[in-house]
Amino acid sequence: MVKKVLVTGVAGFIGSNLAERLITDGYAVVGIDNLSYGIMEQVPKEVQFYNVDIRSKDMYPFFQGVDAVFHLAAKNCLPDCQTDPVETMDINVMGTVNVFEAAKRAGVSKMMYAQSSVLEEGEKRLKGFYAISKVAGQWIDEGYKDAFGLTTVALRYFNVYGPRQDYRRASSPIISKFIIKMLKGEPPLLFVDDDKNKRDFVYIDDINDFHIQCLTDERVNNKLFRLGSGKNTSINELFNTIKKVTGSSIEPLVKERPNDPDFQPVESVADISDAATIDWIPKTSLKTGIAATVEYLKSEKLKGNIQ
Ligand SMILES: NC(=O)c1ccc[n+]([C@@H]2O[C@H](COP(=O)([O-])OP(=O)(O)OC[C@H]3O[C@@H](n4cnc5c(N)ncnc54)[C@H](O)[C@@H]3O)[C@@H](O)[C@H]2O)c1
């Protein structure tokens, strides 16, 4: 029976929300993060926290007595990954193999790890250094399953959103970006073809339902799951939903899309049929999820964290 769970990237968006849910559900949580992007205040106080880099062997002792691991730590801000391919591979490839090794040495019974929908968004995106590092993660998983019989679950997240998503980074996630603009009374930027730019947005609580299920359900073992809402939403629809939820009357600034291959519209939607076979169904509507995210960002603004 799983009692103690280790989360890498615990000070980040998904990691901190997961840690909170694990504690609510009665699990003991060990958390690892080097706070390169994460925020210490987001880590629940019940977490046994270690400020350590996933590339360091110093973290091996922290895996002792752990039943299951969620490996979420990564360099994942895409422009930062493109600027520094060496550090991206160092963290996302060397760091990932080090986490798998630590889990294997400690005899951890199950290892969940983060993949990304970027692996399904066409050839151009697959050539980005973030995507390359995530492909390597998949092969590390295959190697550890084959050589050491480690039980794993690959979590292919689509656009996860919700409170604590990292709005501080230079290229902040689109939902946070739009909400912050509207809270400040400024018009968000849309492109003329944003009705064709469609993403699958899935709320963090739904993702956490799946995470918790991974701990007890053997049907997930050694499988890959695409985790999205199963529906896609155009950026125009997203803007209109945020406008409605915030009660804003602001109109967007609409521009021609730059002729840059990195910024072309995509149509991405998660095929959640595998997750549905184990009875996981995302429940949160976009409107409800956005309302919770708006409340979070309003409170960040009140604290003076958003200028
Ligand atoms: N949020 C999404 O929509 C999404 C989509 C696809 C994939 N993912 C993947 O899910 C995982 C979690 O994403 P997130 O949105 O919570 O990201 P995040 O940036 O909020 O959290 C990542 C955490 O990892 C930590 N970290 C980075 N390098 C580290 C290192 N060398 N050692 C220790 N800690 C380190 C950071 O400080 C941060 O707290 C990542 O692997 C990401 O690639 C997320």
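(A) How the structure looks around the site of the ligand. As a structural note, the neighbourhood of the ligand is formed by 30 residues, with F13, I14, D33, N76 and Y130 the closest of them. A distance of 2.9 Å separates an oxygen atom of the ligand from a polar backbone atom of L72. The backbone of F158 places a nitrogen or oxygen atom 3.3 Å from an oxygen atom of the ligand. Across the complex, the protein chains shield 95% of the 830 Å² of accessible surface that the ligand would expose by itself. Elements supplying a minimum of two residues to the shell around the ligand: α1 (13–24), β5 (110–116), α5 (129–148) and β7 (159–161). With three residues, the top contributor of residues to the shell around the ligand is β5. Grouping the constituent residues of the shell around the ligand by class yields 16 nonpolar, nine polar and five charged.

(B) Layout of the sheet that holds strand β2 (residues 28–33). Pairing is parallel in the open sheet, where seven strands are placed in the order β3-β2-β1-β4-β5-β6-β11. Each edge of the sheet is formed by a strand with only one pairing partner; in this case those strands are β3 (48–51) and β11 (223–227). Averaged over neighbouring strand pairs, the angle between their axes works out to 20 degrees when direction is ignored. Where strand β1 (residues 4–8) meets β2, five bridges bridge the pair, whose relative direction is parallel. Within β2, the residue paired with L6 across the bridge is V30.

(C) View of the nonpolar core. In this structure, L22, L155, Y157, F210, L215 and L227 are the most contacted members of the largest nonpolar core, which totals 59 residues. In terms of residue count, helix α7 (residues 204–216) provides more of this core than any other element does, six residues in total. Here F210 is in contact with L155, V220, F225, L227, A275, I278 and W280, once residues within four sequence places are set aside. Within the second largest apolar cluster, 25 residues are counted, among which are V30, I32, Y60 and A102.

(D) Representation of the side chain of N92. Within the secondary structure, N92 sits in helix α3 (residues 85–105). For N92, a relative accessible area of 3% gives the class buried.

(E) Expanded view of the pairing of β2. Of all six residues in β2, five are buried, a share of seventy percent or more. Since β1 and β2 lie parallel, the crossover through α1 that links them has a hand, and here it is right-handed.

(F) Region of interest: the pattern of salt bridges. Counting across every chain of the model gives 25 salt bridges. Put simply, E20 and R164 hold a salt bridge, and the shortest N to O gap is 2.6 Å. One end of the pair, E20, is in helix α1; the other, R164, is in the loop between β7 and α6 (174–183), and 144 residues separate them in sequence. Judged by its relative accessible area of 16%, R164 is buried. A single salt-bridge network, built from bridges that share partners, covers R21, D25, D209 and K283.

(G) View of the packing of aromatic side chains. Enumeration according to the criterion identifies nine aromatic pairs in this entry. Plain terms: the ring middles of F100 and Y144 are 5.5 Å apart, the flat faces sit at 50 degrees to each other, and that makes the pair tilted. Taken together, the residues F100 in helix α3 and Y144 in helix α5 connect sequence positions 44 residues apart. Its relative accessible area of 0% is what places F100 among the buried residues.

How each quantity is defined
- Residues numbered from 1 in each chain as written.
- Predicted model: local features only at pLDDT ≥ 70, side-chain atom pairs only at ≥ 80, totals over all residues.
- Heavy atoms only, no water.
- Near = heavy atom within 4 Å.
- Polar contact = N/O pair within 3.5 Å; in protein donor to acceptor, adjacent residues only side chain to side chain.
- Areas by Shrake-Rupley, 256 points an atom, 1.4 Å probe, with all protein chains shown as cover.
- Helix = DSSP H or I, 4+ residues; strand = E, 2+ residues; numbered from the N terminus.
- Nonpolar A, V, L, I, M, F, W, Y, C, P; charged D, E, K, R; others polar.
- Pairing = 2+ DSSP bridges.
- Axes fitted to C-alpha atoms, helices over the stretch in contact; angles between N-to-C directions.
- Core = buried A, V, L, I, M, F, W, Y, C linked by side-chain atoms within 4.5 Å.
- Buried < 20%, exposed > 50% of the residue type's maximum accessible area, 1.4 Å probe, protein only.
- Contact = heavy atoms within 4.5 Å.
- Right-handed = clockwise from strand over helix to strand, strands pointing away.
- Salt bridge = Lys/Arg side-chain N within 4 Å of Asp/Glu carboxyl O.
- Phe/Tyr/Trp six-rings, centres within 6.5 Å; stacked < 30°, edge-to-face > 60°.

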